[in-house]
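Coordinates in review
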Amino acid sequence: MAAAFAHRPGARRLIVNADDFGLSSSVNEAVVRAHREGVLTSASLMVNEPGADEAVKLAKQNPRLGVGLHLTLLLGHSALPGLVNVRGEFASHPARTGWDYFFQRRLRPQLRAEIHAQFAKFRATGLRLDHVNGHLHLHLHPVVFRILMEDSEPLGLRRLRLTRDWLSRSLKMSRGHWWYRVSHAAIYGWLSRRARAPLRLRGIQHTQVTFGLLQTARVDEAYILSLLPELPAGDSELYSHPSVDNFRHEFAALISPRVRQLVQQLGIELIRYQDL
């Protein structure tokens, strides 16, 4: 992995992040190898998933890897009872879950408690909190985001993913999935705009753009090679979901010699959130 450099005007700096760290041994292996052998600079930890303890151990063996909290409030396991089924599992339907969290006010104390519990589990690992984001970007859900902002000080929240991809560049770099890409660009464009002022008020740092949102699990070598020359000046994030089984193409892209070479050729600085 290329080392991070001091910030300089006009520089193009890129955080390369892996979501779902701790989900499984397959994901954990891909994260560590992509960090050691490729361009990956950070990973987002799911503290309640089966591979979490292994992920923490691996992170401590790789101190240059920035590790953040992948806040999980659907499609995963909880730290507390209340929002989940008897197996400790959140609901698996994103739209319905978001609707319930917004309109069922009785759920809000449970949401707050679960959020605090996941932050506490992360603190208990002894790892430095590099950043915070949400599984399926639920951290920008209006109710969840409000809790995060109200409790940012006790939670120790200093850096957050502002999930905003650029539709025009995405359409230029890859094809297909038009409805998904247009709808997600619109939804997260709106959510990110309303989040900017609260983040600025609290001094919470973020990148200006987050690439990968509109790729629907297709952050492959061809996409990254197309993206790198298009990076704007300033700070950006590229996230993916590498594993050595289900998303091996995303893992392969992160360790690609062609990708590493192009990063160096273009003078792109690879950083973590804590380097912002």
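As a reminder, the structure under discussion sits directly above these lines.
Residues numbered from 1 in each chain as written. Predicted model: local features only at pLDDT ≥ 70, side-chain atom pairs only at ≥ 80, totals over all residues. Heavy atoms only, no water.

1. Brief notes about the environment of Val219
Worth spelling out the cut-off: A run of H or I in DSSP counts as a helix once it spans at least four residues, and a run of E counts as a strand once it spans at least two, with each numbered from the N terminus. Two residues form a contact once any of their heavy atoms are found within 4.5 Å.
One can find Val219 in the loop between β5 (209-211) and α9 (221-227). In contact with Val219, other than residues within four places in its own chain, are Gly212, Ile224, Leu238, Tyr239, Ser240, His249, Glu250 and Ala253.

2. A look at the nonpolar core
The line we're drawing: In these notes, a set of buried Ala, Val, Leu, Ile, Met, Phe, Trp, Tyr and Cys residues joined through side-chain atoms within 4.5 Å is what counts as a nonpolar core. Exposure is judged per residue with a 1.4 Å probe applied to protein chains only, and the accessible area is read against the type maximum: over 50% gives exposed, under 20% gives buried, and values in between give partly exposed.
Grouped together as the largest cluster of nonpolar side chains are 75 residues, with contacts concentrated most on Phe21, Leu73, Ile115, Leu148, Ile224 and Leu228. Broken down by element, this core gets its largest block of residues, six residues, from helix α5 (residues 142-150). Non-local contacts of Leu228, meaning those with residues more than four positions away in its chain, are made with Arg12, Leu14, Val259, Leu262, Val263, Leu266 and Ile268.

3. Section: α5
For α5, the tally of buried residues reaches seven of nine residues, placing the bulk of the element in the interior. The complete set of buried residues in α5 reads Pro142, Val143, Val144, Phe145, Ile147, Leu148 and Met149.

4. Remarks on the pattern of salt bridges
As a reminder of what qualifies: Any Lys or Arg side-chain nitrogen located within 4 Å of an Asp or Glu carboxyl oxygen qualifies as a salt bridge.
Using the criterion set out here, one finds 11 salt bridges in the structure. Arg161 is the partner of Asp19 in a salt bridge, and the nearest nitrogen-oxygen pair spans 2.9 Å. Residue Asp19 is found in strand β1 (residues 12-21), and its partner Arg161 is found in the loop between α6 (152-155) and α7 (167-173); the two are separated by 142 residues along the sequence. With a relative accessible area of 2%, Asp19 lands in the buried category. For Arg161, a relative accessible area of 1% gives the class buried. As a salt-bridge pair, Arg112 and Glu150 come within 3.0 Å of each other at their nearest N and O atoms. Of this pair, Arg112 sits in helix α4 (residues 108-124) while Glu150 sits in helix α5, placing them 38 residues apart in sequence. Of the residues examined, Glu150 reaches a relative accessible area of 46% and is grouped as partly exposed.

5. A closer look at a nonpolar patch on the surface
Selection criterion: Patch membership needs two things, relative accessible area over 30% and no salt bridge, and members are linked within 9 Å if like-charged or within 5 Å if nonpolar (Val, Leu, Ile, Met, Phe, Trp, Tyr). Using the Shrake-Rupley algorithm and a 1.4 Å probe, accessible areas are obtained, with residue cover drawn only from the displayed protein chains.
The grouping of Trp99, Phe102 and Phe103 at the surface amounts to a nonpolar patch, some 360 Å² of accessible area in total. Of note, Trp99 is situated in helix α3 (residues 94-103). Residue Trp99 is classed as exposed on the basis of its relative accessible area of 56%.

6. A word on the packing of α4 against α5
Put simply, the rule is: In this description, a line fitted to the C-alpha atoms serves as the axis of each element, helices being fitted only across the stretch in contact, and the angle between N-to-C directions of two axes falls anywhere from 0 to 180 degrees. Each angle gets one of four labels, with under 35 degrees taken as roughly parallel, over 145 as roughly antiparallel, 65 to 115 as roughly perpendicular, and the rest as oblique. Note: crossing handedness is left-handed where the near helix turns anticlockwise from the far helix by less than a right angle, and right-handed where it turns clockwise. Three residue categories are used. Nonpolar comprises Ala, Val, Leu, Ile, Met, Phe, Trp, Tyr, Cys and Pro, charged comprises Asp, Glu, Lys and Arg, and polar comprises the others, including Gly.
Interaxial distance between α4 and α5 falls to 10 Å at its minimum, and their mutual angle equals 55°. On the basis of their axis angle, the class for α4 and α5 is oblique. Seen from above, α4 lies across α5 with right-handed handedness. Along its contact with α4, which presents Arg108, Leu111, Arg112, Ile115 and Phe119, the element α5 presents Val143, Val144, Arg146, Ile147, Leu148 and Glu150. Class assignment of the residues belonging to the contact of α4 with α5 gives a composition of seven nonpolar, no polar and four charged.

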